[in-house]
Amino acid sequence: MNAIDETMSIYQILSEYPFLLKIFKQYGMGKFENREVLEKLGPLLKLKTALSMVSVNEDSFIELLNQAVSDSETKGDFTLADSPERQKELTLLALLPCGMKMPFSRAFDDFSTEYSRQINNVLHSLVEGNVNHELSYYAYIDLVTSIDELPDIIVSSDINSFYHKPFQENFLNKEYFVNLNSSPMNIDFESIGFADPRGQFTMISANLLVLVTIDELMDNTRPESWEDLLKAEYRNRVIMRGQDGFFCNGVLLPFYRMYGMEGIKKLASSVYTGLHPSEMVKMIDSKKDDVPPMYIMPYFFAKKIRDRSRITITIPSEGAIVSPVQMLVKKSGAERVKEITDFLCGKEFGEISARAFFPTTNPEVDNKLGGITLYWLGWDFLMNTDIGPLKEEIEEVFSQQFKETGGVM
């Protein structure tokens, strides 16, 4: 490692260590994210001059850069999909629903800027989309046996491997984590018993799944409940989240809980194909008349549909399905990461989440759900069911029926 000093140009530093751009942005020098600015101005601008222009302490900033380079050379950059075992190098790992990833990243970047200044070091975190790891990272979690292999904070989405029997036996039953939820939590969630009775998961928010129908493509009747989707008349007329032969557990598990394995078969008969929610929005906005008329999709994406005069967003009688966003915080590191978890559980982030249509558990925030009722699987079911094998069985039954009834993937 060549030590960075005040005589080096911005271009020289960022060309050799591009990951340092995050620190430059945190200290008011985000313009170098623009490649044209970096290539034109960067070679001419010395670090000393750049820091004087934004009134940043030269010695502290250079020390921070060199520490980040040293950490990177020791730890190296990595992707979670390729090196999940390196998650232990992180303070925070967040795997989020697609709609929540961007507002979370923006808010957390702003927070980490000030936090990094306070601790005079870089906060090692990784924020990624949950859907990218359904079949990779979560399979690895089933094999983890030591608490030392996990980051201090993990934020995750859906009913994932943290609810599986191996993780329960190795970690949850040993009470390695601390619940940081307010008691009582926000009334929207308190009323459905969303708080973990074991005190292990801190429930942060929820991705709400609703039903969207294209009115002009519907017959005289419109589904009023999730159960209505199981009717034979709706065969191949529904789209839900899925890709590459995988369908969303956030839909399948609740349908199994409500209507059993026979309900899973009937749902598979009703589903035409699986798409990412953003693709559902594009399909609806295409205004074509040869597309399926019904979509099980996140509330966030339903609100992204441009011409909502053509559609109806239905909260089925059973309630909008709650796909949880939860946090695991190690007891051993709880005091060390308190400022971080205070932010994630706090009112400011709760309001950001609620504005993005991901209602928060923070009791000080008005989620503005407008009377939307919620359906939650329930902790009795999650704690007393071997979720991993059940998910595999549901997926197998669903996929077989889906193929037999002409579903398209």
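Parameters at a glance
- Residues numbered from 1 in each chain as written.
- Predicted model: local features only at pLDDT ≥ 70, side-chain atom pairs only at ≥ 80, totals over all residues.
- Heavy atoms only, no water.
- Core = buried A, V, L, I, M, F, W, Y, C linked by side-chain atoms within 4.5 Å.
- Buried < 20%, exposed > 50% of the residue type's maximum accessible area, 1.4 Å probe, protein only.
- Contact = heavy atoms within 4.5 Å.
- Helix = DSSP H or I, 4+ residues; strand = E, 2+ residues; numbered from the N terminus.
- Right-handed = clockwise from strand over helix to strand, strands pointing away.
- Pairing = 2+ DSSP bridges.
- Axes fitted to C-alpha atoms, helices over the stretch in contact; angles between N-to-C directions.
- Left-handed = near helix turned anticlockwise from the far one by under 90°.
- Nonpolar A, V, L, I, M, F, W, Y, C, P; charged D, E, K, R; others polar.
- Expected span 1.5 Å × (residues − 1).
- Bend = angle between axes of the 7 residues up to and from the residue.

1. Notes on the nonpolar core
Okay, so step 1: The biggest cluster of nonpolar side chains holds 111 residues, and the ones touching the most others in it are Tyr137, Phe255, Met297, Ile340, Leu344 and Phe398.
Okay, so step 2: Residues within four places of Tyr137 in sequence aside, it is in contact with Leu80, Pro84, Gln87, Leu93, Leu95, Ile154 and Phe162.
Okay, so step 3: Counting 26 residues, the second largest nonpolar core, distinct from the first, contains Phe24, Leu45, Leu47 and Leu64.

2. Some points on the pairing of strand β1 (residues 92-96)
Okay, so step 1: Burial within β1 is extensive, with five of its five residues counted as buried.
Okay, so step 2: Taking every second residue as pointing to the same face, both faces of β1 are buried, with Leu92, Ala94 and Leu96 on one and Leu93 and Leu95 on the other.
Okay, so step 3: Taken together, β1, helix α6 (residues 98-119) and strand β2 (residues 125-129) form a β-α-β motif whose crossover is right-handed.
Okay, so step 4: One ladder, built from three bridges, connects β1 with strand β3 (residues 153-157); its direction is parallel. Of the residues in β3, the one forming a bridge with Leu93 is Ile154.

3. So, the packing of helix α10 (residues 249-270) against helix α16 (residues 387-404)
Okay, so step 1: The contact between α10 and α16 brings their axes to 10 Å, and the two run at 35°. Note on packing geometry: the crossing formed by α10 with α16 is left-handed. From α10, Asn249, Leu252, Leu253, Tyr256, Met261, Ile264, Lys265, Leu267, Ala268 and Ser269 reach across to α16, where they touch Ile387, Leu390, Lys391, Glu393, Ile394, Glu395, Val397, Phe398, Gln401 and Phe402.
Okay, so step 2: When its residues are assigned to classes, the contact of α10 with α16 shows 13 nonpolar, three polar and four charged.

4. Details of α10
Okay, so step 1: Between its first and last C-alpha, α10 extends only 16 Å over 22 residues, short of the 32 Å set by a 1.5 Å rise per residue.
Okay, so step 2: The axis of α10 is deflected most strongly, by about 125°, at Tyr259.

5. A few points about the environment of Glu85
Okay, so step 1: When you line up the elements, Glu85 lands in the loop between α5 (58-75) and β1.
Okay, so step 2: For Glu85, a relative accessible area of 38% corresponds to the partly exposed category.
Okay, so step 3: Distance from Glu85 to Met240, taken between C-alpha atoms, is 32 Å for residues 155 residues apart in sequence.

6. A word on α16
Okay, so step 1: End to end, α16 covers 26 Å across 18 residues, agreeing with the expected 26 Å (1.5 Å per residue, within 8%).
Okay, so step 2: Looking at α16, one finds that the buried residues are Ile387, Gly388, Leu390, Lys391, Ile394, Val397, Phe398, Gln401 and Phe402.
Okay, so step 3: If you follow the buried residues of α16, they end up packed against β5 (238-240), β7 (246-247), α10, β8 (271-274) and α15 (379-383).
Okay, so step 4: Just past α16, the residue Gly406 takes up positive phi, approximately 85°.

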